[in-house]
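# Overview (structure and organization)
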Amino acid sequence: MSMIAAFYGGKSILITGATGFLGKVLMEKLFRTSPDLKVIYILVRPKAGQTLQQRVFQILNSKLFEKVKEVCPNVHEKIRAIYADLSQNDFGISKEDMQELLSCTNVIFHCAATVRFDDTLRHAVQLNVTATRQLLLMASQMPKLEAFIHISTAYSNCNLKHIDEVIYPCPVEPKKIIDSLEWLDDAIIEEIAPKLIRDWPNIYTYTKALGEMVVQQESRNLNIAIIRPSIVGATWQEPFPGWVDNVNGPNGLIIAAGKGFLRALKATPKAVADLIPVDTVVNLMLAVGWYTAVHRPKSTLVYHSTSGNLNPCNWHKMGVQVLATFEKIPFERAFRRPYANFTSNNFTSQYWNAVSHRAPAIIYDCYLRLTGRKPRMTKLMNQILRTASMLEYFINRSWEWSTYNTEMLMSELSPEDQRVFNFDVRQLNWLEYIENYVLGVKKYLLKEDMAGIPEAKQHLKRLRNIHYLFNTALFLIVWRLLIARSQMARNVWFFIVSFCYKFLSYFRASSTLKV
Ligand SMILES: CCCCCCCCCCCCCCCCCCCCCCCC(=O)SCCNC(=O)CCNC(=O)[C@H](O)C(C)(C)COP(=O)(O)OP(=O)(O)OC[C@H]1O[C@@H](n2cnc3c(N)ncnc32)[C@H](O)[C@@H]1OP(=O)(O)O
Ligand SMILES: NC(=O)C1=CN([C@@H]2O[C@H](COP(=O)(O)OP(=O)(O)OC[C@H]3O[C@@H](n4cnc5c(N)ncnc54)[C@H](OP(=O)(O)O)[C@@H]3O)[C@@H](O)[C@H]2O)C=CC1
């Protein structure tokens with residue numbers, strides 16, 4: 001019997017960010033392994049015209065939850081969506097709901113955050129710092145609370161090269177920032193933001209670091225743990241391989257590469273690609289929840305959910321496997337044949353951007369205009385290049401994350417728990433994982449049918465022929481222009497033609513002699 005699964009039985013669990021990538025996989029695993037849990041409270045806001053109930057209905061009826069329905073048929077009754085907007089100071093939770101949360105909650109998983117790199121400082125602080133403080137305040141009023149698990153990111157200290165499982169101090173007190181945001185106006189905040197974040201690459205990682213400090217400062221006598229995942233990728237094993245549902249992190253770039261839009265990336269091929277499957281992160285979260293509640297460590301423990309020091313893979317290996325998978329299982333209606341170039345050189349990167357990205361986009365837009373359609377490729381290309389440039393920081397550096405606590409926890413688990421809540425990334429076969437990942441992007445993000453693969457392959461063949469034809473035509477045009485304008489080009493041309501002529505004459509003469 002799994003001790004971890006048994007621990008969550010009969011428990012009331014509060015999850016923030018349950019509608020997000022990590023939150024959904026967390027709920028799925030909880031329901032599947034502990035179907036006898038009492039209730040999962042989720043703090044949700046209405047979004048995109050959908051009510052809370054519609055959002056929950058959509059999640060529970062998705063492919064991800066198919067297995068859950070077999071083991072926990074009454075899953076609908078065990079999930080309680082509570083209206084909450086974490087960007088409001090009191091979350092906007094009703095009095096009755098608040099009362100229920102405070103009196104019943106046993107375990108909290110705080111996943112909600114803004115993960116946008118370019119968010120405004122005000123919004124990012126509100127969500128990643130102030131909301132964390134507010135939730136901790138709520139937690140301190142929960143008599144039945146056994147554990148508070150805060151999800152941070154391995155990049156919250158990405159201004160350092162070697163990162164231990166400790167909370168690092170920030171140059172500015174979070175409280176001072178929260179207070180000053182109350183009276184500064186937006187224009188001034190955006191002006192001071194770059195000075196505040198110093199050597200952090202973006203607002204997101206900076207505010208996640210502040211969030212950790214808040215956790216440390218407001219921990220009171222709570223049992224708290226922090227989990228720091230690196231780049232969270234598609235599922236490795238559970239509930240099935242390759243599940244993914246948003247374009248964050250590598251996902252959007254895999255689409256852009258598979259559709260032939262993105263053919264070069266400013267990346268350091270030998271840098272560690274610290275991806276971690278989402279189900280591995282979730283298994284660690286559940287194990288940490290159990291350990292924190294049962295063993296009550298004296299201080300707040302930090303757990304790294306990273307792959308680099310246990311089973312490293314680099315961007316080159318990853319890229320090659322992504323491309324190999326595109327060959328086997330191509331995406332439909334590609335713009336160009338997938339091809340990619342990782343370069344860490346600025347000049348080469350600019351060159352590829354001009355030749356491989358911007359020029360084809362302009363040419364295609366001209367074609368659209370000529371055929372009476374609205375041009376759109378240049379806009380799309382600019383969007384992709386902007387996203388790629390936002391991610392560049394993370395694909396041109398390597399970090400070392402120590403994993404003592406994570407390994408310690410692994411050794412504390414029973415063999416059954418090590419199997420059911422496996423977070424040992426050493427067992428991951430990267431080539432297999434990446435292939436399933438790309439397949440998952442095709443199936444679950446692009447919603448493409450496997451039956452379309454032969455047609456997609458045909459399409460790529462046509463693109464290859466167009467590519468050869470285009471290059472040949474381009475070469476001939478350029479050459480013709482050169483010959484018309486340059487004496488040197490004419491001399492070279494004369495030399496080549498006379499050389500070919502002599503070669504052919506010699507060949508013909510020698511074959512005549514043999515006869
Ligand atoms: C040797 C041969 C090599 C061959 C290689 C070939 C293979 C290539 C694939 C390999 C993949 C390598 C990729 C490496 C990626 C590394 C990622 C590192 C990330 C580290 C993060 C740290 C971990 C975390 O803690 S945070 C979680 C991650 N957070 C994010 O990823 C958020 C990032 N996104 C943003 O901040 C914004 O979206 C931003 C700033 C990028 C763009 O903002 P903007 O306002 O301009 O646009 P949006 O309105 O947000 O979106 C517009 C449009 O773009 C789509 N989109 C959004 N994100 C992405 C994306 N990542 N990739 C592609 N497209 C994206 C979005 O859906 C919108 O589309 P619409 O159709 O307009 O709706
Ligand atoms: N994905 C990754 O690569 C990594 C993620 N992490 C961390 O993991 C956690 C989860 O990330 P992930 O699942 O990928 O992120 P998502 O963007 O997929 O999910 C974010 C969640 O936060 C919720 N949320 C955002 N704003 C509010 C708000 N104002 N009120 C209520 N809820 C809100 C979102 O709700 P809604 O659906 O309504 O928008 C959503 O459920 C985050 O803390 C992130 O920092 C750490 C490392 C890597």
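This text gives an overview of the structure that appears in the document. Bear in mind the structure is a predicted one, so any value in this text is a computation, not a measurement. (Residues numbered from 1 in each chain as written. Chains lettered and ligands numbered in written order. Predicted model: local features only at pLDDT ≥ 70, side-chain atom pairs only at ≥ 80, totals over all residues. Heavy atoms only, no water.)

## Concerning the site of ligand 2
With respect to spatial proximity, 27 residues lie near ligand 2, and among them Thr19, Arg45, Arg55, Tyr204 and Lys208 are the closest. Separating an oxygen atom of ligand 2 from a side-chain N or O atom of Arg45 is a distance of 2.7 Å. Interatomic distance of 2.8 Å between a side-chain N/O atom of Lys47 and an oxygen atom of ligand 2. Across the complex, the protein chains shield 90% of the 890 Å² of accessible surface that ligand 2 would expose by itself. Those elements that place two or more of their residues in the shell around ligand 2 are α2 (21-33) and α9 (203-217). (Near = heavy atom within 4 Å. Polar contact = N/O pair within 3.5 Å; in protein donor to acceptor, adjacent residues only side chain to side chain. Areas by Shrake-Rupley, 256 points an atom, 1.4 Å probe, with all protein chains shown as cover. Helix = DSSP H or I, 4+ residues; strand = E, 2+ residues; numbered from the N terminus.)

## Some points on the sheet that holds strand β5 (residues 147-151)
Taken in spatial order, the 7 strands of this open sheet run β3-β2-β1-β4-β5-β7-β11, and their pairing is parallel. Each edge of the sheet is formed by a strand with only one pairing partner; in this case those strands are β3 (79-83) and β11 (301-305). Each adjacent strand pair in this sheet contributes to an overall mean axis angle of 20°, direction not counted. Looking at chain direction, β5 and strand β7 (residues 224-229) are connected through 4 bridges and run parallel. (Pairing = 2+ DSSP bridges. Axes fitted to C-alpha atoms, helices over the stretch in contact; angles between N-to-C directions.)

## Notes on the side chain of Thr132
Checked against the element boundaries, Thr132 lands in helix α6 (residues 121-139). On the accessibility criterion, Thr132 (1% relative accessible area) is buried. (Buried < 20%, exposed > 50% of the residue type's maximum accessible area, 1.4 Å probe, protein only.)

## Brief notes about empty space enclosed by the protein
Over the atoms rolls a probe the size of a water molecule, and its path tells where empty space is left. Summed over all chains, the structure comprises 2 cavities of 30 Å³ or more. In this structure, the largest cavity is lined by Ile276, Leu284, His304, Ser305, Thr306, Leu310, Thr403, Thr406, Met410, Phe423 and Val425. Of all the secondary-structure elements, those providing two or more residues to the lining of the largest cavity are β11 and α15 (404-412). Of the residues belonging to the lining of the largest cavity, the class tally is 6 nonpolar, 5 polar and no charged. Looking at the second largest cavity, its volume works out to about 40 Å³. Around the second largest cavity, the lining residues are Val25, Glu28, Lys29, Arg32, Glu238, Asp279, Val282 and Asn283. (1 Å grid on protein atoms, 1.4 Å probe; cavity = no way out; pocket = protein on both sides within 12 Å on 5 of 7 lines; lining within 4 Å. Points joined across faces, edges and corners; volume = space filled by probe spheres on them. Nonpolar A, V, L, I, M, F, W, Y, C, P; charged D, E, K, R; others polar.)

## Re helix α18 (residues 453-485)
In this model α18 runs 48 Å from its N-terminal to its C-terminal C-alpha over 33 residues, within 8% of the 48 Å that 1.5 Å per residue would give. Of the positions making up α18, those classed as buried are Ile453, Ala456, His459, Leu460, Leu463, Trp479 and Ile483. (Expected span 1.5 Å × (residues − 1).)

## Focus: helix α17 (residues 430-445)
When we look at burial in α17, the residues that qualify are Trp430, Tyr433, Ile434, Tyr437, Val438, Gly440, Val441, Lys442, Tyr444 and Leu445. Structurally, α17 contributes buried residues whose contacts are with β8 (231-233), α10 (250-258), β10 (275-277), α12 (315-328) and α18. Put simply, Asn429 is the residue that caps the front of α17, since its side-chain oxygen is 3.1 Å from the backbone nitrogen of Leu431. (Contact = heavy atoms within 4.5 Å.)

## Things to note about the site of ligand 1
What surrounds ligand 1 is a group of 30 residues, the closest being Arg116, Phe117, Tyr204, Gly249 and Arg386. Gln383 is positioned such that a nitrogen or oxygen atom in its side chain is 3.2 Å from an oxygen atom of ligand 1. When the free accessible area of ligand 1 is taken as 1500 Å², the share hidden by the protein chains comes to 77%. Breaking the shell around ligand 1 down by element, the ones donating at least two residues are α10, α12 and α14 (377-395). It is α14 that contributes the most residues to the shell around ligand 1, 7 residues altogether. Here the shell around ligand 1 is composed, by residue class, of 18 nonpolar, 9 polar and 3 charged.

## Quick look at the layout of surface pockets
In this model, the second largest pocket occupies a volume close to 270 Å³. Together, 14 residues line the second largest pocket, and Asn89, Gln126, Thr130, Ile178 and Glu182 are the ones closest to its centre. Of all elements in the fold, only α6 and α7 (174-183) reach the threshold of two or more residues within the lining of the second largest pocket. Counting residues per element, the lining of the second largest pocket draws most heavily on α6, at 8 residues. Here the lining of the second largest pocket is composed, by residue class, of 5 nonpolar, 5 polar and 4 charged.

## Quick look at unusual backbone geometry
Residue Pro239 is bonded to the preceding Glu238 through a cis peptide linkage, with omega at -10°. Take Pro239: it is sitting in the loop between β8 and α10. Positive phi outside glycine occurs at Phe91, with the angle close to 70°. Assignment of secondary structure puts Phe91 in the loop between β3 and α5 (95-104). Backbone geometry places Lys447, a non-glycine residue, at a positive phi of 55°. Checked against the element boundaries, Lys447 lands in the loop between α17 and α18.

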